[in-house]
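# Chains, contacts and geometry: an overview
Read off the chains here:
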Amino acid sequence: MSRTDYAGAVNALVDAGSICVVTHVRPDADAIGSATALMLGLRQRGKEVRALIGQDREISGNLLSIPKSEEIELTQELPLGFDLYVTVDCGALDRTGYLAPGLERAREEGRLLCIDHHASNEGFGSVNLVDVACESTTVVLIDVMDKMSLQVDRAIAHCLYAGLVTDTGSFRWGRPSMHTLAARLMRYGLDTKQIAVDLLDSTTVEDIQMLGRVFQSLSIEQAGAHSLGILVASLDDIGGHTDSAVESLVDFVRALEGTDMGVVFKEMAPQVWAVSLRSSTINCAEIALRMGGGGHLPAAGYTAHGTASEAVAQLVEVMS
Ligand code: AMP
Ligand code: MN
Ligand code: MN
C-alpha cells in the first residue's frame, strides 16, 4: 500500500458523508490552515464536517486570524460515528494528543485518512497521503481539492496560503512551484501583507522581553564532530507567553555562525521539554526519530524529560 495515495484519499473523502478532521497539538499555521481549508472545501459538497485538536490549551491568538479557525474545537474525546477521520499535518499519531486512542480505533475500522508532508511519517492511517515533496500540508490539500473539483474561494485561499507562507519560512525554502501556488492563491484577493503581520511579525513588549531573557542562555555545545547552538527556555521564562513568540526562538539559532545545528529546549510543563532542531547540514528528522520524535530533514522535534542540563546531555550523547 502506497504512503502517497492521492486516489485513495480522494475516494475516501468523496465517499464519506460525515468527516472529522483532526490536526496536531501545539498547532502552527499549517495545522490550522489545513484543518480549516479542508473543512470549508468539504462543506461545499454538503458534508457534515467538524475540526478538532486534542489539547486543553487555547489556540494562540495570531492563528485565530485564519478564517474559521474559531470553529476548531479543543477536546479530550474523539466523537464517535463519523464515516471518516482525517488527520492533517500530523507526522505521527501521538501528535494528535488526547485523540490518539480514538483515532487508533478508527484506523482499525479502516476509517482513518492521514494527509501530511513530514519525512518521518510512516503512514499511520488506513489510507495515507504523505507527500514529502510538498512544502506544507496545505500544498498537499490544494492538489486534493483540485482533484475533487472543489472551488477555492478567498477564505479557502487564505487558509491554504497560511500554511504555505509559514512552512516555507516566508518562501525561503521549497520548490519553484511554491511561488506559482502562492501567485494562484493571491489572485483570490488575499491581503498577504496583513497575513504576514498576523502570522509572522506581530509581537508584544512582554514577548520581546522574554526573548531577551532566553537569549541570555545561549550556549555552544560540542557533540562529537558537531557544534550545537542551544537556547534553553524554562517555564519561568516562557510561562504565559504566546506560542508564536516561543516558537520564534528557533529562528535565531537555525543558522548561527560556527554551528551545525540550532536547538531550543522549551519547558512546557515542569521538566517536560518540547525540543526543536534546525539544521541545513545535519538530518534533523533522523536525530529526532532516535529521541522518539520526528519531523523533516531541516526541521524536527521531540519531547525530553528531566532538568535542562539532563535534557541537553541526552541530546549531546545521542549525537556523539
Ligand atoms: P517544531 O520544532 O516544533 O517547529 O517542529 C519541527 C518539526 O518537527 C515539525 O514539522 C513537527 O511536526 C515535528 N515535531 C516536533 N515535535 C515533534 C514530536 N514530539 N514528535 C514528532 N514530530 C515532532
Ligand atoms: Mn505543523
Ligand atoms: Mn506542516
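Residues numbered from 1 in each chain as written. Chains lettered and ligands numbered in written order. Predicted model: local features only at pLDDT ≥ 70, side-chain atom pairs only at ≥ 80, totals over all residues. Heavy atoms only, no water.

## Re the coordination of the manganese ion (ligand 3)
Protein coordination at the manganese ion (ligand 3) comes from D30 (OD), D89 (OD), H117 (NE2) and D167 (OD), with a distance range of 2.2 to 2.3 Å. The sequence motif formed by the donor residues of the manganese ion (ligand 3) is D-x58-D-x27-H-x49-D. Here the manganese ion (ligand 2) and the manganese ion (ligand 3) are spaced 3.7 Å from one another, each receiving a donor from D89. Placement of the pair is H117 in the loop between β5 (112–116) and β6 (127–130) and D167 in helix α5 (residues 154–167), with a sequence separation of 50 residues. As far as burial versus exposure is concerned, H117 and D167 are alike and both buried. (Donors = N, O, S within 2.8 Å, 3.2 Å for Na, K, Ca; no water. Helix = DSSP H or I, 4+ residues; strand = E, 2+ residues; numbered from the N terminus. Buried < 20%, exposed > 50% of the residue type's maximum accessible area, 1.4 Å probe, protein only.)

## Some points on the coordination of the manganese ion (ligand 2)
Ideal coordination angles are 109.5 degrees for a metal with four donors arranged tetrahedrally and 90 or 180 degrees for a metal with six donors arranged octahedrally. Binding of the manganese ion (ligand 2) to the protein goes through H24 (NE2), D28 (OD), D28 (OD) and D89 (OD), at separations of 2.1 to 2.6 Å. Each donor residue of the manganese ion (ligand 2) lies on the same chain, and together they follow the pattern H-x3-D-x60-D.

## What about the UniProt feature "domain: DDH" (unreviewed entry) in the chain?
Under the UniProt annotation, "domain: DDH" (unreviewed entry) lies at residues 18–163. The span residues 18–163 is 31% helical and 19% strand by assignment, and the distance between its end C-alpha atoms comes to 24 Å. (UniProt positions renumbered as here; feature names shortened; annotations may be inferred.)

## Concerning the sheet that holds β6
Taken together, six strands build an open sheet; the order of strands is β3-β2-β1-β4-β5-β6 and the sheet is parallel. Unpaired on one side and paired on the other, β3 (73–74) and β6 mark the two borders of the sheet. Sheet topology places strand β4 (residues 84–88) next to β5; four bridges connect them, and they run parallel. The residue of β5 that forms the bridge with V86 is L113. (Pairing = 2+ DSSP bridges.)

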